[in-house]
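# Fold and contact review
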2 protein chains.
Amino acid sequence: MKVKATSFDIAHLAGVSQSTVSRALRDSPLVNQETRDRVKAIAAELNYKVDKNASNLRQQQSRTLALLLFEDLTTDDSLINPFFLSMIGSITKASSLAGYDLLISFQNMSDDWHAEFEDTNKADGIILLGYGDFVDYQDKLSQLEEQQTHFVRWGAEDKNHPGLSIGCDNFQGGFDITQHLISTGRKTFAFVGGADDHAPEFQARYLGHCKAISEAGLKINKHYQVEAFSTENSGYDAAKSLISQHAEIDAICCASDLIAIGVMQACKDLGKRIPDDIAVVGYDNIPVSRFTNPALTTVAQDTIRAGELLVTSLLALINGEQITHQSMQVEVVQRQSCGHK
Amino acid sequence: MKVKATSFDIAHLAGVSQSTVSRALRDSPLVNQETRDRVKAIAAELNYKVDKNASNLRQQQSRTLALLLFEDLTTDDSLINPFFLSMIGSITKASSLAGYDLLISFQNMSDDWHAEFEDTNKADGIILLGYGDFVDYQDKLSQLEEQQTHFVRWGAEDKNHPGLSIGCDNFQGGFDITQHLISTGRKTFAFVGGADDHAPEFQARYLGHCKAISEAGLKINKHYQVEAFSTENSGYDAAKSLISQHAEIDAICCASDLIAIGVMQACKDLGKRIPDDIAVVGYDNIPVSRFTNPALTTVAQDTIRAGELLVTSLLALINGEQITHQSMQVEVVQRQSCGHK
DNA sequence: CTGAAAGCGCTTACAG
DNA sequence: CTGAAAGCGCTTACAG
């Protein structure tokens, strides 16, 4: 087994006290420059690294953030929503930039709530990501708040929901893309994705969608909204029955790109041409959306920015600053699936 | 600020010593059952959680694994290969099952090598994931080995490469899928994806591909192999020039599904029908491969199993057991892009 | 500018 | 079965 050097070993070799070693390594101005250099040189030579457990224990902080991902919909690991994966990437990057490590944990709603990361001093704060069932969620959030855990959540704001959330303007996104569809002459709109309060993000997109329709003087038909959670399969199944029952639909707004990919497949299997017979649009602008056939028109959320915002807000919270809900802009990305030329 | 209970607080309330509290909480048989229950009850009431920093420091272990992801190809966060995302999922699951937390870090090859996770006692071992440039990689691996860091790597085995690796049989995968293509009557094969020793996984797939071709008595044409790294764009660009120069090609094997998606797009843009004019097959069986149009024939790697294997092997290594390279089986998944009916 | 000392909150030999 | 004590490896007031 390898035996690690401690600050005492360095002190011994440098002929100074251990406290001086500790100060030198942390670049304390209290230490003579020459001493500092000498200590650092020896530390480098011994391949010395500060023991984080000791340092964290002493400082009562971990310089670590925990990212909890919820995805109750499925037990299949491969179905992680690519949008969240982008978020994982940007969150990881943002926390590393801030000098924090990132613990990650996938959880089912049904799981024991693993949010003891902060309680055990393994993390200074928690980021929550996921479109799990929001109603179940609520309780757990309250619990976190009660324990005075520092956390931020990606998602819709909700007056009566505890904690801080950062999210995109889902209502606006649903509105914008639907308006775009209307401007290209579509008349009969369907929406695939849950629109109840169990999935507030999807609901907001749906409400924006509806607003655009009524503003245009078109009719909203309740039967044209069908439930789906964010997987290709779920979208496929939902669209198949929807379209076969309602041949008059000429545009489908999907609550996510994953759903849209399934919906497009269903259209093809039913002999509907996209976009000639029917327009299909998504939401998220996941990487593959440019490569579907036809390329998917969708709503982009800036995941880079989102990751940064999540991390900086959480850090602010940890530092005791006052933070409020933030809503980010969205943008319609026009491709071919809507018939846009 | 919340003030956390310590084991001393519990000791006080339970009327026992702090050492007894510690033992009781760890379910030591040394402690009287009744005392144990009482201590636990009080701990639960105070919402007490063992301080991991203190506990880890004392035990000189962290019960944490670090997952390092390399992806040098791009600075765009959204382009994380979905295959790796599946792996992240299964690794997270496997480590949580083993009672370990998971630190995650995306790194560029150019980065300072962050593998001090183990040196700082933040992690007991490291899992390396990524198809970065293997030649650069090599040095860093040697360094890890020198420092006696515990690590396992996802990927091809390489005689002269340091450390333990777990991977799928890429050669066999390349062989099997090419053979399948041959059996459907294709004659002129191209391969899109790097085939040099900078990307040994891709290379192995290519070599398997070549073996199948020569075994069938067909001709291998060097010009039909073009470089690409694992993104849709890269595949698209590679295929566009390949196909326009060599109209005779009737089958393209891609080193990854992402590449294949780009290749399919290029085929379409050039007016080639898939699979009628040209067959396209991928590698990885990422979730979206079922939803491309036509659905992509590909090679499946069992990511669930891979994640488990990676974690259990690493833990064995940490426990000082002797471990050797493991190669997992692959399986051809037949869909429509190869012309299979 | 430097050192001796206390203490972060645990776990675990050691003694009874 | 239980307690007093040492110690994991740091950081940082305190004193000089």
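Here the residue index of a chain counts from 1 through its sequence in written order. Think of it this way: whatever chain is written first is A, whatever ligand is written first is 1, and the rest follow in order. Side-chain atom pairs in this predicted model are given and counted only at pLDDT of 80 or more, local residue features only at pLDDT of at least 70, and totals for whole chains, interfaces and linings cover all residues. To obtain the side-chain values, all non-hydrogen atoms of the structure were used and water was disregarded.

## Describing the overall build of chain A
Helix and strand definitions here come from DSSP, where helices need a minimum of 4 consecutive H or I residues and strands a minimum of 2 consecutive E residues; each element is numbered from the N-terminal end. Across its full length, chain A holds 11 helices and 12 strands. Within these notes, the globule rule equals 2.2 Å times the number of residues to the 0.38 power, and the radius of gyration is based on C-alpha atoms. For chain A, the C-alpha radius of gyration of 25 Å lies well beyond 20 Å, the compact-globule estimate for 341 residues. Projected onto its principal axes, the C-alpha coordinates of chain A cover approximately 85 × 40 × 35 Å. Burial classes follow relative accessibility: with a 1.4 Å probe on protein chains only, a residue under 20% of its type's maximum area counts as buried, one over 50% as exposed, and anything between as partly exposed. Relative to its full complement of 341 residues, chain A shows a buried share of 58%. Taking all contacts inside chain A whose residues are at least 6 apart in sequence as the whole, residues at least 24 apart take part in 72%. The contact criterion used throughout is that any non-hydrogen atoms of two residues lie within 4.5 Å.

## Considerations on the UniProt feature "domain: HTH lacI-type" (unreviewed entry) in chain A
UniProt positions are given in the numbering used here, feature names are shortened, and annotations may be inferred rather than shown by experiment. Mapped onto this structure's residue numbering, the UniProt feature "domain: HTH lacI-type" (unreviewed entry) falls at residues 5–59 of chain A. Secondary structure content for residues 5–59 of chain A is 67% helix and 0% strand, while the C-alpha to C-alpha distance between its ends is 21 Å.

## Overview of the protein's contact with DNA strand D
Taken together, 27 residues surround DNA strand D, and among them Gln-18, Ser-22, Arg-23 and Arg-58 of chain A together with Arg-23 of chain B come closest. In this text, near means that some heavy atom of the residue lies within 4 Å of the molecule or strand in question. Sugar and phosphate atoms constitute 57% of the interface atoms of DNA strand D, taking the interface as everything within 4 Å of the protein. We define a polar contact as two N or O atoms separated by no more than 3.5 Å, with the added condition that, inside protein, one atom must be a possible hydrogen donor and the other a possible acceptor, whereas residues neighbouring each other in sequence contribute only through side-chain atom pairs. Thr-20 of chain B is positioned with one of its side-chain polar atoms (N or O) 2.8 Å from a phosphate oxygen of DNA strand D. Between DNA strand D and the protein, one listed contact pairs a phosphate oxygen with a side-chain N or O atom of Gln-60 of chain B at 3.3 Å. The residue inventory of the surface near DNA strand D, partitioned by class, reads 8 nonpolar, 13 polar and 6 charged. Polar here means any residue outside two lists: the nonpolar Ala, Val, Leu, Ile, Met, Phe, Trp, Tyr, Cys and Pro, and the charged Asp, Glu, Lys and Arg; Gly therefore counts as polar.

## As for the relation of the copies chain B and chain A
Overlay of chain B on chain A (RMSD 0.0 Å): rotation 180°, translation along the axis 0.0 Å. In symmetry terms, the pair is related by a two-fold rotation axis. All copies are superposed by least squares; the fitting set is the C-alpha atoms of residues with a pLDDT of at least 70 in both.

## Some details on the sheet that holds strand 9 (residues 279–281) of chain A
Residues and elements named next belong to chain A. Spatially, 7-6-8-9 is the arrangement adopted by the 4 strands of the open sheet, whose pairing is parallel. The sheet is open, and its two edges are formed by strand 7 (225–226) and strand 9, each paired on a single side. Note: strand 6 (residues 189–192) against strand 7, 2 bridges, orientation parallel. Paired with Phe-191 across the two strands is Gln-225, which belongs to strand 7. In this analysis, strands are considered paired if DSSP registers two or more bridges between them.

## Regarding the nonpolar core
Each nonpolar core is a collection of buried residues, namely Ala, Val, Leu, Ile, Met, Phe, Trp, Tyr and Cys, held together in the definition by side-chain atoms within 4.5 Å. Counting residues in each nonpolar core, the largest one holds 158 residues, and the members touching the most others are Trp-154 and Ile-252 of chain A together with Trp-154 and Ile-252 of chain B. If near-sequence neighbours (up to four positions away) are discounted, Ile-252 of chain B is found in contact with Ala-190, Val-192, Leu-242, Ile-243, Val-263, Ile-278, Ala-279, Val-280 and Val-281 of chain B. Ranked by size, the runner-up nonpolar core spans 24 residues in total, among them Phe-151 of chain A together with Ala-66, Leu-103 and Leu-144 of chain B.

## Regarding the state of the cysteines
Residues and elements named next belong to chain B. To count as a disulfide, a pair of cysteine sulfur atoms needs to be within 2.5 Å. Scanning the entire structure with this criterion turns up 0 disulfides over all chains. No disulfide involves Cys-168; its sulfur sits 17 Å from the nearest other cysteine sulfur, which is in Cys-253. Of all cysteine sulfurs, the one in Cys-254 lies closest to Cys-253, which takes part in no disulfide; the gap is 7.4 Å.

## So, the pattern of salt bridges
Residues and elements named next belong to chain A. Whenever a carboxyl oxygen of Asp or Glu lies within 4 Å of a side-chain nitrogen of Lys or Arg, that contact is scored as a salt bridge. Within this structure, the stated rule accounts for 14 salt bridges over all chains. Taking the shortest distance from any N to any O, the salt bridge between Asp-27 and Lys-40 comes out at 2.9 Å. Placement of the pair is Asp-27 in the loop between helix 2 (18–25) and helix 3 (33–45) and Lys-40 in helix 3, with a sequence separation of 13 residues. A cluster of three or more residues bridged by salt bridges with shared partners is formed by Asp-27, Arg-36 and Lys-40.

## Some thoughts on helix 10 (residues 257–269) of chain A
Each full turn of the α-helix corresponds to 3.6 residues, which orients residues three or four apart in the same direction. All names here are of chain A. Here, expected helix span is obtained from the residue count minus one, scaled by 1.5 Å. Helix length check: helix 10, at 13 residues, gives a terminal C-alpha distance of 18 Å against a target of 18 Å (1.5 Å per residue), a fit within 8%. Along helix 10, 11 of the 13 residues are buried, which leaves the element largely enclosed by surrounding structure. Where helix 10 is concerned, the buried positions are Asp-257, Leu-258, Ile-259, Ala-260, Ile-261, Gly-262, Val-263, Met-264, Gln-265, Ala-266 and Cys-267. Just beyond helix 10, the residue with positive phi is Gly-271, at close to 80°.

## Considerations on the protein's contact with DNA strand C
Around DNA strand C lies a shell of 27 residues, among which Arg-23 of chain A together with Gln-18, Ser-22, Arg-23 and Arg-58 of chain B are the nearest. Within 4 Å of the protein, the contacting atoms of DNA strand C are drawn from sugar and phosphate to the extent of 57%. The separation between a phosphate oxygen of DNA strand C and a polar side-chain atom of Ser-7 of chain B is 2.7 Å. Those elements that provide at least two residues to the surface near DNA strand C are helix 2 and helix 4 (52–59) of chain A together with helix 2 (18–25) and helix 4 (52–59) of chain B. Here the surface near DNA strand C is composed, by residue class, of 8 nonpolar, 13 polar and 6 charged.

## Quick notes on the environment of Ser-95 of chain A
All names here are of chain A. Examined against the element boundaries, Ser-95 turns out to sit in helix 5 (residues 82–97). In sequence terms Ser-95 and Asn-81 are 14 residues apart; their C-alpha atoms lie 21 Å from each other. Setting aside chain neighbours within four positions, we find Ser-95 in contact with Leu-65, Tyr-100, Leu-102 and Val-311.

## Overview of the sheet that holds strand 6 (residues 189–192) of chain B
Residues and elements named next belong to chain B. The 4 strands are arranged 7-6-8-9 in an open sheet whose pairing can be described as parallel. Strands with a single pairing partner mark the edges of an open sheet, and in this sheet they are strand 7 (225–226) and strand 9 (279–281). Of the pairings in the sheet, the one linking strand 6 to strand 8 (residues 251–254) comprises 4 bridges and is parallel in character. Looking at the pairing, Val-192 lines up with Cys-254 of strand 8. For helices, the axis comes from a line fit to the C-alpha atoms of the stretch in contact; other axes are also lines fit to C-alpha atoms, and the angle between any two N-to-C directions lies between 0 and 180 degrees. Each of strand 6, strand 8 and strand 9 is contacted by helix 10 (residues 257–269), which is oriented at about 160° to strand 9, the strand it contacts most.

## Brief notes about the packing of aromatic side chains
Here is the rule: rings of Phe, Tyr and Trp (six-membered ring for Trp) pair when centre to centre is within 6.5 Å. Planes less than 30 degrees apart are stacked, more than 60 are edge-to-face, and the remainder are tilted. On inspection of all chains with the given rule, the structure shows 6 aromatic pairs over all chains. A centroid spacing of 6.2 Å and a plane angle of 45° characterise the contact between Phe-83 of chain B and Trp-154 of chain B, whose relative ring orientation is tilted. Taken together, the residues Phe-83 of chain B in helix 5 (residues 82–97) and Trp-154 of chain B in strand 4 (residues 151–154) connect sequence positions 71 residues apart. Ring-pair connections join several aromatic residues into one group, and the members of that group are Phe-83, Phe-84 and Trp-154 of chain A.

## Quick look at the interface of chain B and chain A
Between chain B and chain A, the contact holds 59 residues from the first and 59 residues from the second. What counts as buried area is the accessible surface, traced by a 1.4 Å probe, that two parts surrender upon association, with contributions from both included. Summing both sides of the interface, chain B and chain A together bury roughly 5,300 Å²; the carbon and sulfur share of this comes to 55%. Our enumeration of links across chain B and chain A arrives at 2 salt bridges. Residue Asp-101 of chain B pairs with Lys-122 of chain A through a salt bridge whose shortest N-O separation is 3.2 Å. Between the two partners, chain B and chain A, sit 16 residue pairs in polar contact (both at pLDDT 80 or more). Elements represented by at least two residues in the side of chain B that touches chain A include exactly helix 4, helix 5, strand 2 (101–107), helix 9 (232–245) and helix 10 of chain B. In terms of residues, the side of chain B that touches chain A owes the most to one element, helix 5 of chain B, which gives 7 residues.

## Remarks on the pairing of strand 3 (residues 125–130) of chain A
Residues in a regular strand point their side chains to alternate faces of the sheet. All names here are of chain A. With respect to burial, strand 3 is a largely interior element, 6 of its 6 residues being buried. Burial along strand 3 is two-sided: the face carrying Gly-125, Ile-127 and Leu-129 and the face carrying Ile-126, Leu-128 and Gly-130 are both buried. Direction of pairing for strand 1 (residues 64–70) relative to strand 3: parallel, over a ladder of 6 bridges. If you follow Leu-68 over to strand 3, its bridge partner there is Leu-128. Strand direction decides the pairing type here: strand 3 and strand 4 (residues 151–154), joined by 3 bridges, are parallel.

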